[in-house]
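# Coordinates in review
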Amino acid sequence: MIFNQRHAASACALILIISGPLAAEHVKFETGSYRNKSLLYYDHQNLSLSKTDSGQTFSVCDKRISDKTLNHTLAFLTALDVQSWRPHYFREGLKGSSTFTLDIQMANISKKSTGHIDLAPTGYDKIIRYFNQVLIVNSCPAL
């Protein structure tokens, strides 16, 4: 019985080591207003796009993707220097503006940034174009 418990514990530890970092790596990007927004999420295997229209959320696209997508995204975001983005881009009293939320966890990038699109950092427009390219290459509609 002791051998089985040790063997099971080793197997569990191996599974955690193999699946741990990969499971945590992802890109999440949300843009729009409270009632009308798009949410893009992808990891090593899956890409999903959902939209909220007049407060109702529905799935627009779900695809299996190549793990090369995250590698390409990592190179793009590193070149764009997303790590230098501040956590918040909000202005007091600015209401009714569209917002964005970027959440990236991969390799050497761990970044969460959110704010009003009007105040978004340099490179925001490039991220929109890049994510639209990722969606179109995977036969999904653009943001």
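Procedures and definitions
- Residues numbered from 1 in each chain as written.
- Predicted model: local features only at pLDDT ≥ 70, side-chain atom pairs only at ≥ 80, totals over all residues.
- Heavy atoms only, no water.
- Helix = DSSP H or I, 4+ residues; strand = E, 2+ residues; numbered from the N terminus.
- Buried < 20%, exposed > 50% of the residue type's maximum accessible area, 1.4 Å probe, protein only.
- Areas by Shrake-Rupley, 256 points an atom, 1.4 Å probe, with all protein chains shown as cover.
- Pairing = 2+ DSSP bridges.
- Contact = heavy atoms within 4.5 Å.
- Axes fitted to C-alpha atoms, helices over the stretch in contact; angles between N-to-C directions.
- Parallel < 35°, antiparallel > 145°, perpendicular 65-115°, else oblique.
- Nonpolar A, V, L, I, M, F, W, Y, C, P; charged D, E, K, R; others polar.
- pLDDT = per-residue confidence, 0-100.
- Salt bridge = Lys/Arg side-chain N within 4 Å of Asp/Glu carboxyl O.

## Digging into the overall build of the protein chain
Summing up its helical and strand segments, the protein chain has three helices and seven strands in all. Listing every helix and strand of the protein chain by position from the N terminus yields α-β-β-β-β-α-β-β-β-α. Scored against the burial criterion, the 143 residues of the protein chain give a buried share of 35%. Surface exposure of the protein chain reaches about 8900 Å², of which carbon and sulfur atoms provide 56%.

## Thoughts on the pairing of strand β1 (residues 26–32)
A large share of β1 lies buried, amounting to five of its seven residues. Where β1 meets strand β6 (residues 99–106), seven bridges bridge the pair, whose relative direction is antiparallel. Counted as the bridge partner of Val 27 is Ile 104 from β6. Inspection of the sheet shows β1 paired to strand β2 (residues 37–42) by six bridges, in the antiparallel sense.

## Some points on the sheet that holds strand β4 (residues 56–64)
As a general point, the strands of a sheet are linked pairwise by backbone hydrogen bonds and lie either parallel or antiparallel. Taking strand neighbours across the sheet as the criterion, the seven strands line up as β4-β3-β2-β1-β6-β7-β5 in an open arrangement whose pairing is mixed. The outermost strands of the open sheet, each flanked by one partner alone, are β4 and β5 (88–89). Sheet topology places β5 next to strand β7 (residues 109–116); two bridges connect them, and they run parallel. From the neighbouring strand, His 88 faces β7, where its bridge partner is Thr 114. Along the sheet face, helix α3 (residues 124–137) touches β1, β2, β3 (46–53) and β6 and points at about 110° away from the line of β1.

## Focus on the packing of helix α2 (residues 68–80) against α3
In contact at an axis separation of 12 Å, α2 and α3 are set at 170° when each is read in the N-to-C sense. Judged by the inter-axis angle, α2 sits roughly antiparallel to α3. When α2 is examined against α3, the residues Thr 69, His 72, Thr 73, Phe 76, Leu 77 and Leu 80 are found in contact with a partner set consisting of Lys 126, Ile 127, Tyr 130 and Val 134. Each residue belonging to the contact of α2 with α3 can be placed in one class, and the counts come to six nonpolar, three polar and one charged.

## A few points about the confidence of the model for the protein chain
The share of residues in the protein chain with pLDDT of 70 or more is 84%, and the mean pLDDT across the chain is 84. No element of the protein chain has a lower mean pLDDT than helix α1 (residues 2–24), which averages 40, and none a higher one than α3, which averages 97. Confidence drops under a pLDDT of 50 for residues 1–23, and excluding neighbours within four residues, the segment shows three contacts in the predicted structure.

## Quick word on the pattern of salt bridges
This model, assessed by the stated rule, comprises two salt bridges. A salt bridge links Lys 37 to Glu 30; the shortest N-O distance between them is 3.3 Å. The partly exposed category is assigned to Glu 30, whose relative accessible area is 23%. Across the salt bridge formed by Asp 125 and Arg 129, the nearest N and O atoms sit 3.7 Å from each other. Of the two residues, Asp 125 and Arg 129 both sit in helix α3, four residues apart, roughly one turn of that helix. In this structure Arg 129 comes out as partly exposed when scored by relative accessible area, which is 47%.

## Focus: the pairing of β6
Sheet topology places β6 next to β7; eight bridges connect them, and they run antiparallel. Directly across from Gln 105, in β7, lies its bridge partner Ser 110. Following β6, the chain reverses through two residues before pairing antiparallel with β7; Ala 107 in that reversal takes a positive phi of roughly 40°.

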